[in-house]
Amino acid sequence: MSRKLLVLFLIMMMLASSIMAQDAVTRSGARPDTPTYGVRGAYAVGARDLVIEGETSLDITVWYPALNPNHLAEAITYPFVIKWEGFPEGATSTVSGHALADAAFDLSAAPYPLVILSPGFSSGGTAYAWLAEHLASYGFVVIAPEHHEMYTQALDWFWRAMIARPQDILTVFEYVDEQTTAGGVLEGVIDPQTVAVIGHSYGGYTTLAAAGAPINMESMAALCESARAAADPAAWLCDPVLPHVAEMAALAGLDAAPEGDWPVWADPRVDAIVPMAGDAYQFDPAGLAEIDIPVLAMGGTLDTGTPYHWGTQRTYEHVSSDRKAQVGFENAEHMIFGSTCDVLPFYTEVGFGSGCIDQVWDMARAHDLINHFTTAFLLAELKGDTDAAAALSPDSAAFPGVSYTAQGY
């Protein structure tokens, strides 16, 4: 082959490779540096809103593998319920996502493992649609309850949420049990015996409670006293809770606040948990040690909302799980796990831009990594995927800006 023909051949090959790469990015929506399980999965994704009727109704959003026979673009606008002081009850904004509204279930590989997603305090499940959609594309059904709470300057819903949230998870379990029976809306869709609970911030606390850890207000009070003595900035987290212990007991239906461990509100079917910047200071070390199922704890090392040493690190150190992993996003803040400003514009509209950005991390890159770790973990633990488990080994989980520790992988 002449040199001229060889050069022409090489140019053609480069162009073809470039076109193929661009097509792959277009189809997957992935950046070139996206890790394996950060690339969107093979299933089309559906989303629908449902209501769990009861004495107090509980709204839920469900994401699931869906049929898309006409190859429609997966584009959706979700409502984002504004649970902030100063906004009318029921006020909403929007979140944009990539799913098909009310699409038919894809039952080709059903029933699918269930992932219950508990959002951050006074937020909602649609703020985490980016993660829920991703998991659904890998063959999980994700249900996010709309916890009843409100952000106020006094944080007077903070202590209520500590009692109500784990009970909301039990309500979801009851609903799934009802609706997966013959004639139910989720019949044949969900395997109610294969379950993970994931959540951000107070949703991370909810995962720990759902896994069987009992809260302990005496332990929390001692931790808070030490924190104040050491001028630990994390001590602010104590103020919205400790003055309300008696009210918490009453809300829980108890005659008085227990000495030591409180009752556990958990379902034994929880097989794995993923607390993301999850609050763990409400539990003493012995209470966290009650958790022996697989745990993936993730957080930002400079988090001021749930400081790393009160959340992610405390969780990893004290759970007694044979398989556990800790992911630290170096120098990241609390909202690295939230939606980006372009898909959740409400935050910038009200001047809360810090709620949808990180000062250090590119949010898209962070979300790719969060998707990767979460998906690999859930595939490994709920589906027995050995390749996904191998991706959690320390050698395979080395990424710039990420500190990673694991046991059992």
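Scroll up for the structure.
This write-up is about the structure you can find in this document. In this text the structure is predicted, and so the values were computed from the model without any measurement. (Residues numbered from 1 in each chain as written. Predicted model: local features only at pLDDT ≥ 70, side-chain atom pairs only at ≥ 80, totals over all residues. Heavy atoms only, no water.)

### A short note on the sheet that holds strand 11 (residues 324-329)
Rule in force here: What makes two strands pair is DSSP finding at least two bridges between them. Put simply, DSSP marks the helices as runs of H or I at least four residues long and the strands as runs of E at least two long, and each gets a number from the N terminus on. By the convention used here, residues are in contact when the closest approach between their heavy atoms is within 4.5 Å. Fitted lines through C-alpha atoms serve as axes, helices being fitted only where they are in contact, and the angles separating the N-to-C directions of these axes extend from 0 to 180 degrees.
The ten strands are arranged 5-1-2-7-6-8-9-10-11-12 in an open sheet whose pairing can be described as mixed. The strands lining the two open edges of the sheet, one partner per strand, are strand 5 (100-101) and strand 12 (402-407). Of the pairings in the sheet, the one linking strand 6 (residues 112-118) to strand 8 (residues 190-200) comprises seven bridges and is parallel in character. Counterpart to isoleucine 116 in the pairing with strand 8 is valine 197. Its contacts with the sheet put helix 4 (residues 202-210) on strand 6, strand 8 and strand 9 (270-276), and the angle it makes with strand 8 is roughly 140°.

### Quick notes on helix 4
For clarity, the cut-off: Remark: exposure states derive from per-residue accessible area (1.4 Å probe, protein chains only) relative to the maximum for the residue type, with buried under 20%, exposed over 50%, and partly exposed in between.
The buried fraction of helix 4 amounts to nine of the nine residues, a majority that puts the element mostly inside the structure. Buried within helix 4 are the following residues: Tyr202, Gly203, Gly204, Tyr205, Thr206, Thr207, Leu208, Ala209 and Ala210. Considering only its buried residues, helix 4 is in contact with strand 6, helix 3 (158-179), strand 8, strand 9, helix 7 (285-288) and helix 8 (312-318). Positive backbone phi, at 110°, marks glycine 212, one or two positions downstream of helix 4.

### Structural notes on the state of the cysteines
Here is the idea: a disulfide is a covalent bond, and it sits between the sulfur atoms of two cysteines. Selection rule: When the sulfur atoms of two cysteines come within 2.5 Å, that pair is taken as a disulfide.
Following the criterion strictly, the structure yields two disulfides and no others. Here cysteine 224 is linked by a disulfide to cysteine 238, with a sulfur-sulfur distance of 1.9 Å. Taking the sign of the S-S torsion, -95° for the link of cysteine 224 and cysteine 238, the bridge is left-handed. Placement of cysteine 224 in helix 5 (residues 217-229) and of cysteine 238 in the loop between helix 5 and helix 6 (245-251) is noted, with a sequence separation of 14 residues between them. Judged on exposure class, the residue cysteine 224 and its partner cysteine 238 are both buried. Note that cysteine 341 is cross-linked by a disulfide to cysteine 356, the S-S spacing being 2.1 Å. Here the disulfide of cysteine 341 and cysteine 356 is right-handed, its torsion about the S-S bond being about 90°. Placement of the pair is cysteine 341 in the loop between strand 11 and helix 9 (346-349) and cysteine 356 in the loop between helix 9 and helix 10 (363-383), with a sequence separation of 15 residues. A residue is classified by how much of its surface remains accessible, and cysteine 356, at 2% relative accessible area, is buried.

### Observations concerning the side chain of asparagine 68
In plain terms, the rule: Identification of polar contacts relies on pairs of N or O atoms within 3.5 Å, with a donor-acceptor requirement for protein atoms, meaning one able to donate a hydrogen and the other able to accept it, and with residues adjacent in sequence counted only if both atoms are side-chain atoms.
Turning to its location among the elements, asparagine 68 is positioned in the loop between strand 2 (58-66) and strand 3 (76-81). In this structure asparagine 68 comes out as buried when scored by relative accessible area, which is 17%. Within the structure, asparagine 68 has its side chain in polar contact with the backbone nitrogen of leucine 72 (distance 2.8 Å). Asparagine 68 has contacts with Ala44 and Leu100, leaving out every residue within four places of it along the chain.

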